[in-house]
Amino acid sequence: MTRLSKLIDGLLSSPTMVKAYNRPLTPFDNSVVPHINSNSNNPIVYQFNTFSTSSYMASQNKKYNDLNEYCNLILTTKLPKTYSKEYINEKVKKNSGWSAYNYWIANEMNLIINLINTIKSHAQIIKNATENRKLGWEINSEILEVADSLYYNQIPKLWCILSGSESQFSHYPLGSFLNDLSIRYQHIDKCLTIGREKNPAFNLGAFYYPQNLLSIFKFETLKTKNQVEDFGCVESLVFQTEMTSRDKEHLRDPPKEGMFVYGLYLWGCHWEKSTSELVDQPIKFKEGNMPLPVIHLTCWLESEKPLLNDTNKSQDLYKCPVFPNRNERDQSVFDIDLMHAGIPAIKWAMRGVCATLKPY
């Protein structure tokens, strides 16, 4: 019956054919989506992959319903409420004015608000189109690409770009992407509200330009040294990192020196918390990456960095590069100090051990 419906639907519409045979309407309601066996006697029918008007309409209705339901879920529960630019400017003025840090964090807030508003706009357009059954008729190619990605539970390419990534990470779940977006927004809002001095820790993975925050930190360190000591700095400033055993949820105050950062993921090896050393990945370890604990970040002149001046540790010290994600490895954001006593750093370098700001 399915093949007969397909053949009938494919008949030409002409007065002669209408008189000879009244073309019946294929039912739309309560229809099923049949599957043609690959061993069909007629390979031409098998190649169609759309088996009849009834099957086509059933699959289209399913797509419309799924997209409508998911877009409605995005609009009602998945996305946070955003601020206007005027409200952001008022927050900045209340928080020490337009300093370098406030310029940076206000720009971060504007970028993530642009992403959230774009997602809301796309979801609303697709929701309206599915309700009016006009998806593909009056919608541009950009919205159609977004709708296709949502239907297959993938992150649309445009959303990836607006989230700060140069490449599309289609393997990452769409639900996790939206949850991460809410976490990012909440953290940036917190950084904007309480300011630089009172913020206990920074989630580097939440920012579009974390390297700008690190540059501000270097500038603050250099400014402090110039005030304490009368000298002109001709050396480069470097970071020293120390893994802590502290939980980011329990941090209440920033450190007396430096800053706490978190949100990094280690690839290619394992970090043993009990001994604070790099070790080989356990055989039963199924995850591709390991979340690193809170890191205490300090800034030093290169000649004064304690780990480099310690002869027992300097040879085993591995400067692990930190990249935005696994696909963008052209230039590292910064390096973290990792080691295992008695094992040369070249071992970890040859394995390609690295860290990322994203879990993909």
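Keep in mind that this is a model prediction, so the values were computed, not measured.

Once that is clear, we can look at helix α7 (residues 141-151). Every buried residue of α7 is listed here: Ile143, Val146, Ala147, Ser149 and Leu150. The buried residues of α7 occupy an angular sector of 165° when the element is viewed end-on, so they sit on one face. Taking the backbone nitrogen of glutamate 142 as reference, a side-chain oxygen 3.2 Å away marks asparagine 140 as the first, capping residue of α7. Trailing α7 by a residue or two, asparagine 153 shows a phi angle of about 60°, which is positive.

One pass over the full model with this rule turns up six salt bridges. Across the salt bridge formed by lysine 91 and aspartate 189, the nearest N and O atoms sit 2.9 Å from each other. With lysine 91 in helix α5 (residues 85-94) and aspartate 189 in helix α9 (residues 174-198), this residue pair connects regions lying 98 residues apart in the sequence. What makes lysine 91 buried here is its relative accessible area of 14%. Looking at aspartate 189, the relative accessible area reads 15%, which means it is buried. In this structure, aspartate 280 engages lysine 347 in a salt bridge whose closest nitrogen and oxygen atoms are separated by 3.5 Å. Taken together, the residues aspartate 280 in the loop between β6 (277-279) and β7 (289-291) and lysine 347 in helix α13 (residues 346-350) connect sequence positions 67 residues apart. Of the residues examined, aspartate 280 reaches a relative accessible area of 37% and is grouped as partly exposed.

What follows concerns the sheet that holds strand β8 (residues 295-301). Strand order in the open sheet made by the four strands is β1-β3-β8-β2, with mixed pairing throughout. Both edges of this open sheet fall to β1 (201-203) and β2 (237-243), since each of them pairs with a single strand only. Strand-to-strand, the axes of this sheet are offset by a mean angle of 35°, without reference to chain direction. Looking at chain direction, β1 and strand β3 (residues 259-262) are connected through three bridges and run parallel. When the bridges of β3 are listed, asparagine 203 appears paired with tyrosine 262. Together, β1 and β3 form the strand contacts of α9, whose direction differs from that of β1 by roughly 150°.

Right, let's get into the pairing of strand β10 (residues 334-338). Burial of β10 is extensive: four of the five residues sit out of reach of the surface. The pairing of strand β9 (residues 318-323) with β10 spans five bridges and is antiparallel. Each bridged residue has a counterpart across the sheet, and for tyrosine 318 the counterpart in β10 is leucine 338.

Let us look at the side chain of lysine 358. By the element assignment, lysine 358 lies in the segment after β11 (354-356). In this view, lysine 358 contacts Arg184, Gly205, Tyr265, Trp267, Pro324 and Asn325; residues no more than four positions away in its chain are not counted.

With 75 residues, the main nonpolar core has Ile119, Phe177, Leu264, Leu266, Phe334 and Ile336 as its most contacted residues. In terms of residue count, helix α6 (residues 100-131) provides more of this core than any other element does, 13 residues in total. Setting aside anything within four residues of it in sequence, one finds leucine 266 in contact with Trp271, Leu278, Gly288, Asn289, Met290, Leu292, Cys320, Leu338, Val353, Cys354 and Ala355. Ranked by size, the runner-up nonpolar core spans five residues in total, among them Ala201, Leu251, Tyr262 and Val294.

Criteria and cut-off values
In this convention, every chain numbers its residues from 1, walking through the sequence in written order. Totals for whole chains, interfaces and linings use all residues, but because this is a predicted model, local features are given only for residues with pLDDT of at least 70 and pairs of side-chain atoms are given and counted only at 80 or more. The side-chain figures draw on all heavy atoms in the structure; neither hydrogens nor water molecules are used. Summary of the burial criterion: residues with accessible area below 20% of their type's maximum are buried, those above 50% are exposed, and those between are partly exposed, where the area comes from a 1.4 Å probe applied to protein chains only. Strands are runs of DSSP state E lasting at least two residues, helices are runs of H or I lasting at least four, and both sets are numbered from the N terminus onward. Picture the helix axis, draw a direction to every C-beta atom, and the arc is the one those directions span. The definition of a polar contact used here is a pair of N or O atoms within 3.5 Å, where within protein one atom must be able to donate a hydrogen and the other to accept one, and adjacent residues in sequence count solely through side-chain atom pairs. The rule for a salt bridge is simple: a side-chain nitrogen of Lys or Arg has to be within 4 Å of a carboxyl oxygen of Asp or Glu. Paired strands, as defined in this entry, are two strands with at least two bridges between them according to DSSP. Fitted lines through C-alpha atoms serve as axes, helices being fitted only where they are in contact, and the angles separating the N-to-C directions of these axes extend from 0 to 180 degrees. Here, two residues are considered to be in contact whenever any of their heavy atoms come within 4.5 Å of each other. We call a set of buried residues a nonpolar core when its members are Ala, Val, Leu, Ile, Met, Phe, Trp, Tyr or Cys and they connect through side-chain atoms within 4.5 Å of each other.

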